[in-house]
Amino acid sequence: MFLRSSAIGLVLLAAGAVNGAAQAAEFKWASTTDPQTLDPHAVNSAPVLGFLNNVYEGLVRRDQDMNVEPALAVSWKPIGDGAGWRFNLREGVTFHDGSPFTAEDVLFSYERASNEVADTNSWFAPVKEASIVDDHTIDFLTHGPNPIFPGSIANWMIMDSGWAEANATTLPDKDNGNYATLNANGTGAFRVTAREPGLRTVLEPFDGWWDAATHNITRAEFTPIQNPATAVAALLSGDVDMINPVPIQDAARLKESDEVEIIQGIEARVIMLGFPHEAEALKYGPDAGQPNPFRDVRVRQAVAQAINVPAILATIMRGNAEEASQLVSPAMSGYSAAHSARPAFDVEAAKALLTEAGYPDGFSFGLKCPNDRYLNDEAVCQAVVAMLAQIGLKAELDAMPVRNYWPELREDNYDMYLLGWSPGTFDAEHPIRFLVTTPNPDKKLGSWNFGGFSNTRVDELLPLIQSELDAGKRQAMLDEVTQIVQDEHTYVPLYVQPLVWGTRSNIALTQRPDNFFILRWVSVN
Amino acid sequence: MLSYILRRVFQSVIVLLVVGLVAFSMFRFVGDPIDNMLGQERTQADIDRLRSDLGLDQPFVVQYAKFLRGAVQGNFGVSYRQGRPVSTIIAERAPATLELAAVSGFLAITLGIGLGVFTAIRRQGFAANAIMTVSLIGVSLPTFLIGILLIYIFSVELDLLPSFGRGETVRIGGWSTGFLTASGLKALILPAITLGLYQMTLIMRLVRSEMLEVLRADYVRFARARGLSDRVVNFRHALKNTLVPVITVTGLQLGSIIAFAIITETVFQWPGVGLLFINAIQFVDIPVMAAYLMLISVMFVSINLIVDLLYYAIDPRLRIDGRTT
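Residues numbered from 1 in each chain as written. Chains lettered and ligands numbered in written order. Predicted model: local features only at pLDDT ≥ 70, side-chain atom pairs only at ≥ 80, totals over all residues.

1. Let's talk about the overall build of chain A
- From N to C terminus, chain A includes 15 helices and 21 strands.
- Against the compact-globule benchmark of 24 Å for 525 residues, chain A has a radius of gyration of 24 Å, which places it among compact chains.
- C-alpha atoms of chain A, sized along the principal axes, occupy 75 × 60 × 40 Å.
- In chain A, which comprises 525 residues, the proportion classed as buried is 52%.
- Partitioning the contacts of chain A with sequence separation of at least 6, the portion at a separation of at least 24 is 69%. (Helix = DSSP H or I, 4+ residues; strand = E, 2+ residues; numbered from the N terminus. Rg over C-alpha atoms; globule rule 2.2 N^0.38 Å. Buried ≥ 20, exposed ≤ 12 C-beta atoms within 10 Å, placed from the backbone. Contact = placed C-beta atoms within 7 Å.)

This is the structure in structure tokens:
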């Protein structure tokens, strides 16, 4: 049976009769990526965690403005003198299968998510031990004072220990999958009623949810649609109520339609250029084999001043993005307001810097770029090549799919590269830990610092930032690191990537900067 | 006859082994699955551990041997992306592709032969010329564009048919069918036309030119002189003699309908094996890619074999040649 109500632009598919009252609250949405698993501890990626946020819950959660608010914990406070954190758990919460939520489940989920086979184990690197105080109180003891711990576990989701044991899924198994790969049992606002990987996933509201529901959805269906043109057509024809993302080039056209709305925002992801800080020689272009000019801070500054970011945003991003001056966007905690200005776009100054550095005629090098990872990434790189040509830097662009890209960066096969970084903790400490500190595999530091940048002051400050409880002192240290990164031009931050979602005009929802789509904030009018 | 079949089967197995070897030697150029499987906060140790768990640190010949050992026992491994056995995933997806291919193939053959005969008999007529002109669209426009155009016209503008997906399906045993629901049938229309259009025009043009050839033959003129009706002349004598090349082409095209459903399936988000393959490439899901490529080559090789055997049945001259060689 196939009904279509063009008045509300909503399609209802059902094999049998369709309940009339349900019409206004059936919701369908599409995105390019299917969550590859329903196991909240198996894969640490935005499509998985974003989707599962509707089904599972953590001790804390983020509200519409990314602030941390109570979820399964009603309150938390530091214990001892920076020894850790105590969480008081919510009472009367049940999982989807009806079993009660207790501290036992939190301890179990901690052990499951911090196991070495779990992709989420890095979240618990600062944790020494978790111990149950009583049925609804649990302590997390940390190696040192850790002010950001509650915020850093907002995506750590609690699983029922009894359910996991009964279904032999006490550990995540990414390689072979297990019961939790296809089934879910959380405490969240929605429960999974059908799951066909890569095809569709059906969610229905959980009647026993502890919080008051603000949505009016009775059934929600998610379909991955890879082809952007198909997704746009599906939205226009009303086959889906929401798509994420909308291709930037289609956004202006869709805005003119009465039937759909475009919702724009700024994502947490900063797009930047990176350099080889350690390499002895250039690797690509006619000057390959020559000493590496990017070790000279003046050359890096020249690159920063030669790039006209507003022009890139106006043309390639069609005015949908914002300039970035540092490694995090202004929406993140720890953003350094004192360092909000990019180096001025000034071709003459850039040329003068190159002359001073001993390259009056410029040089040639290779720029590596992904072509399917960030919005319009290849076009941005082409623009960078053209802009650098104005100061005599001849970049050879090599754009490739992201599946080939990371291996190239890991092998140090670049003279300059494009990188986007979205801090998982929504805090400025995150990119310092991954992108700026000296790489140190044993301490799990600097794992994305491909260029091998190293600054002893930054290395000194990172542990202090991680353990400082006083917000003012912490911000002062973050400011200092930001100053160093700007002075050294460790990276050239370009812009904060835009978020562009499309909805039918009868849908109201909230777009969060982490690009998570939260179903409980949707209302169908 | 038997030795001929045995020889052909033996050749087919060699072809399959070579296809597999070439495929495995190419996989490392597709990219590295590791980064897709590990999150942002992975360490070098995680990368090394996963790579050795998956056997990706070994030479491709070793990986291929491991794959073959599993494949002969019906075990194609576990998908990197979904963490489920590849055979289960393919079995889930195959009905969608096979139903789509069956409908498109049926459309292509019936309409192709019908229109081909029509345009050959009425070759001066206005209708025949119009069909011939329109058929140029079918051979010259890329599938991708045809699909998008159809979606735009029938889903976005006219709001008649769904823009993507398969509609509601009904499970019968291990088979999920879209034939039994109204939404399933509606969802089939656009993808089937998109996928079958090229084959249809190809068959139509082939039948037409073969027919024109045959209609000039002496035996057709004699048949007319004997006063046989047009219907008997056109269909019993002329059409039958055009069928040998048509069968060859149709057979091979049937294979490509299944293999090249990839594009149509991507445009319509049709949940078949083609879409699965595209996803596998994006994710560098080597077990799925390997199984898909092997299945497609088994299919092509078998279709070739069947076509060869059909010649045998249709054309008596081949049977004589077969005996002498």
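2. Remarks on the pairing of strand S12 (residues 219-224) of chain A
All names here are of chain A.
- With 6 bridges connecting them, strand S3 (residues 26-31) and S12 associate as parallel partners. When the sheet's bridge partners are listed, Lys28 is paired in S12 with Glu221.
- Where strand S11 (residues 200-205) lies against S12, 3 bridges are found, and the strand directions are antiparallel. Bridged to Val202 within S12 is Glu221. (Pairing = 2+ DSSP bridges.)

3. Concerning the nonpolar core
- In terms of nonpolar packing, the biggest core is built from 144 residues, with Ala234 and Ile243 of chain A together with Leu100 and Tyr292 of chain B touching the most fellow members.
- At 14 residues, the largest contribution of residues to this core is made by helix H8 (residues 182-215) of chain B.
- A domain split of this core shows at least three residues from each of domain 1 (1-22 + 195-201 + 209-216 + 224-259 + 505-525) and domain 2 (33-188) of chain A.
- Aside from chain neighbours lying at most four places away, what touches Ala234 of chain A is Ala30, Ile225, Asp239, Val240 and Ile243 of chain A together with Ser163 and Phe164 of chain B. (Core = buried A, V, L, I, M, F, W, Y, C linked by C-beta atoms within 7 Å. Domains from an automatic or database assignment.)

4. Points about the interface of chain A and chain B
- Listed per partner, the contact involves 41 residues of chain A and 43 residues of chain B.
- Broken down by secondary-structure element, the contributors of at least two residues to the side of chain A that touches chain B are helix H6 (228-236) and helix H12 (402-410) of chain A.
- In terms of residues, the side of chain A that touches chain B owes the most to one element, H6 of chain A, which gives 5 residues.
- For the side of chain A that touches chain B, the per-class residue count stands at 16 nonpolar, 18 polar and 7 charged. (Nonpolar A, V, L, I, M, F, W, Y, C, P; charged D, E, K, R; others polar.)

5. Looking at helix H4 (residues 60-72) of chain B
Residues and elements named next belong to chain B.
- For H4, with 13 residues, the first-to-last C-alpha span of 18 Å sits near the 18 Å given by 1.5 Å per residue.
- Taken residue by residue, H4 has Gln63, Tyr64 and Phe67 as its buried positions. The buried side chains of H4 occupy one side of the element, clustering within an arc of 100° when seen end-on. For H4, exposure combined with an orientation more than 90 degrees from the buried face picks out Val61, Val62, Arg69 and Val72.
- The positive-phi residue at the C-terminal boundary of H4 is Gly74, with phi of around 80°. (Expected span 1.5 Å × (residues − 1). Arc of directions from axis to C-beta.)

6. Points about the domain arrangement of chain A
All names here are of chain A.
- Split by domain assignment, chain A resolves into domain 1 (1-22 + 195-201 + 209-216 + 224-259 + 505-525), domain 2 (33-188) and domain 3 (267-498).
- Centre-to-centre separation of domain 1 and domain 3, based on C-alpha positions: 37 Å.
- Tallying the contact residues gives 6 residues for domain 1 and 8 residues for domain 3.
- By residue class, the composition of the side of domain 1 that touches domain 3 is 4 nonpolar, 1 polar and 1 charged.

7. Some details on the sheet that holds strand S7 (residues 84-89) of chain A
Residue and element names in this part refer to chain A.
- The strand order across the open sheet formed by 4 strands is S6-S7-S9-S8, and the pairing between neighbours is antiparallel. The open sheet terminates on both sides in strands that have one partner only, identified here as strand S6 (73-79) and strand S8 (127-134). Taken pair by pair, the neighbouring strands of this sheet meet at an average axis angle of 20°, ignoring direction.
- Across 5 bridges, the pairing between S7 and strand S9 (residues 137-142) is antiparallel. Paired with Phe87 across the strands is Ile138, a residue of S9.
- Helix-sheet contacts for helix H2 (residues 103-114) involve S7, S8 and S9, and the interaxial angle to S8 is about 165°. (Axes fitted to C-alpha atoms, helices over the stretch in contact; angles between N-to-C directions.)

8. Observations concerning the confidence of the model for chain B
- Here chain B averages 85 in pLDDT, while 96% of its residues score no lower than 70.
- Taken over the whole predicted complex, pTM reads 0.83, whereas the ipTM for its chain interfaces reads 0.81. (pLDDT = per-residue confidence, 0-100.)

9. As for the packing of helix H9 (residues 218-225) of chain B against helix H10 (residues 230-259) of chain B
All names here are of chain B.
- Running from N to C, H9 and H10 cross one another at 150°; their axes reach a closest spacing of 10 Å. Our classification of the angle between H9 and H10 gives roughly antiparallel. For the element pair H9 and H10, the recorded crossing hand is right-handed. Residues Tyr219, Val220, Ala223 and Arg224 of H9 form the contact with H10, whose own contacting residues are Val233, His237 and Ala238.
- Of the residues that constitute the contact of H9 with H10, the class distribution is 5 nonpolar, 1 polar and 1 charged. (Parallel < 35°, antiparallel > 145°, perpendicular 65-115°, else oblique. Left-handed = near helix turned anticlockwise from the far one by under 90°.)

10. As for the UniProt feature "domain: Solute-binding protein family" (unreviewed entry) in chain A
- The sites that UniProt annotates as "domain: Solute-binding protein family" (unreviewed entry) are residues 68-436 of chain A.
- Between the C-alpha atoms that bound residues 68-436 of chain A the distance is 26 Å, and the span itself is 27% helix and 25% strand. (UniProt positions renumbered as here; feature names shortened; annotations may be inferred.)

11. Overview of the packing of helix H6 (residues 126-140) of chain B against H8 of chain B
Residue and element names in this part refer to chain B.
- The contact between H6 and H8 brings their axes to 8 Å, and the two run at 130°. Viewed along their axes, H6 and H8 adopt a mutual orientation that is oblique. Our pair here, H6 against H8, has a crossing hand that is left-handed. Contacts between H6 and H8 involve Ser135, Gly138 and Val139 from the first element and Leu197, Tyr198, Met200, Thr201, Leu202, Met204 and Arg205 from the second.
- For the contact of H6 with H8, the residue count by class is 6 nonpolar, 3 polar and 1 charged.

12. Let's talk about H10 of chain B
- Along H10 of chain B, the largest kink reaches about 45° and is centred on Val244 of chain B; proline Pro245 of chain B follows within four residues of it.
- Listing the buried residues of H10 of chain B in full gives Val233, Asn234, Ala238, Thr242, Thr250, Gln253, Leu254, Ile257, Ile258 and Ala259 of chain B. (Bend = angle between axes of the 7 residues up to and from the residue.)

13. Describing the environment of Gln11 of chain B
- With respect to the helices and strands, Gln11 of chain B occurs in helix H1 (residues 2-30).
- Between the alpha carbons of Gln11 of chain B and Val134 of chain B there is a distance of 41 Å; along the sequence they are 123 residues apart.

14. A closer look at the environment of Arg298 of chain A
Residue and element names in this part refer to chain A.
- Relative to the helices and strands, Arg298 is located in helix H8 (residues 297-306).
- Taking the C-beta count within 10 Å as the criterion, Arg298 has 17 such neighbours and is therefore assigned partly exposed.
- Along the primary structure Arg298 and Thr503 are separated by 205 residues, whereas in three dimensions their C-alpha atoms are 47 Å apart.
- Every residue in contact with Arg298, bar those within four places of it in the chain, is listed here: Leu353, Glu356 and Ala357.

15. Focus on the pairing of S11 of chain A
All names here are of chain A.
- Of the two faces of S11, only one is covered, namely that formed by Thr201, Leu203 and Pro205; the face formed by Arg200, Val202 and Glu204 stays uncovered.
- The pairing of strand S10 (residues 190-196) with S11 spans 6 bridges and is classified as antiparallel. Looking at the pairing, Ala194 lines up with Val202 of S11.

16. Let's talk about the UniProt feature "transmembrane region" (unreviewed entry) in chain B
All names here are of chain B.
- In the UniProt entry, the feature "transmembrane region" (unreviewed entry) is given for residues 12-30, 100-121, 133-155, 175-198, 243-270 and 290-314.
- Secondary structure within residues 100-121 divides into 100% helix and 0% strand; the distance between the first and last C-alpha atoms comes to 31 Å.
- Secondary structure within residues 243-270 divides into 86% helix and 0% strand; the distance between the first and last C-alpha atoms comes to 33 Å.

17. Section: the environment of Trp209 of chain A
Residue and element names in this part refer to chain A.
- Here Trp209 shows up in the loop between S11 and S12.
- The exposure class assigned to Trp209 is partly exposed, which follows from the 18 C-beta atoms found within 10 Å.
- Along the chain, Trp209 and Ala189 lie 20 residues apart, while their C-alpha atoms are 5.7 Å from each other.

18. A closer look at the UniProt feature "domain: ABC transmembrane type-1" (unreviewed entry) in chain B
- In this structure's numbering, the residues bearing the UniProt feature "domain: ABC transmembrane type-1" (unreviewed entry) are residues 94-311 of chain B.
- In this annotation, residues 94-311 of chain B is assigned 80% helix and 3% strand; the end-to-end C-alpha distance for the span is 29 Å.

19. Points about unusual backbone geometry
- Residue Pro245 of chain A follows Asn244 of chain A across a cis peptide bond; omega there is 0°.
- When you line up the elements, Pro245 of chain A lands in the loop between strand S13 (242-244) and helix H7 (248-255).
- Phi angles above zero are rare outside glycine, and Arg318 of chain A is one such case at about 50°.
- In this structure, Arg318 of chain A sits in the loop between helix H9 (309-315) and strand S15 (322-323).
- One non-glycine residue, Val284 of chain B, lies in the positive phi region at around 55°.

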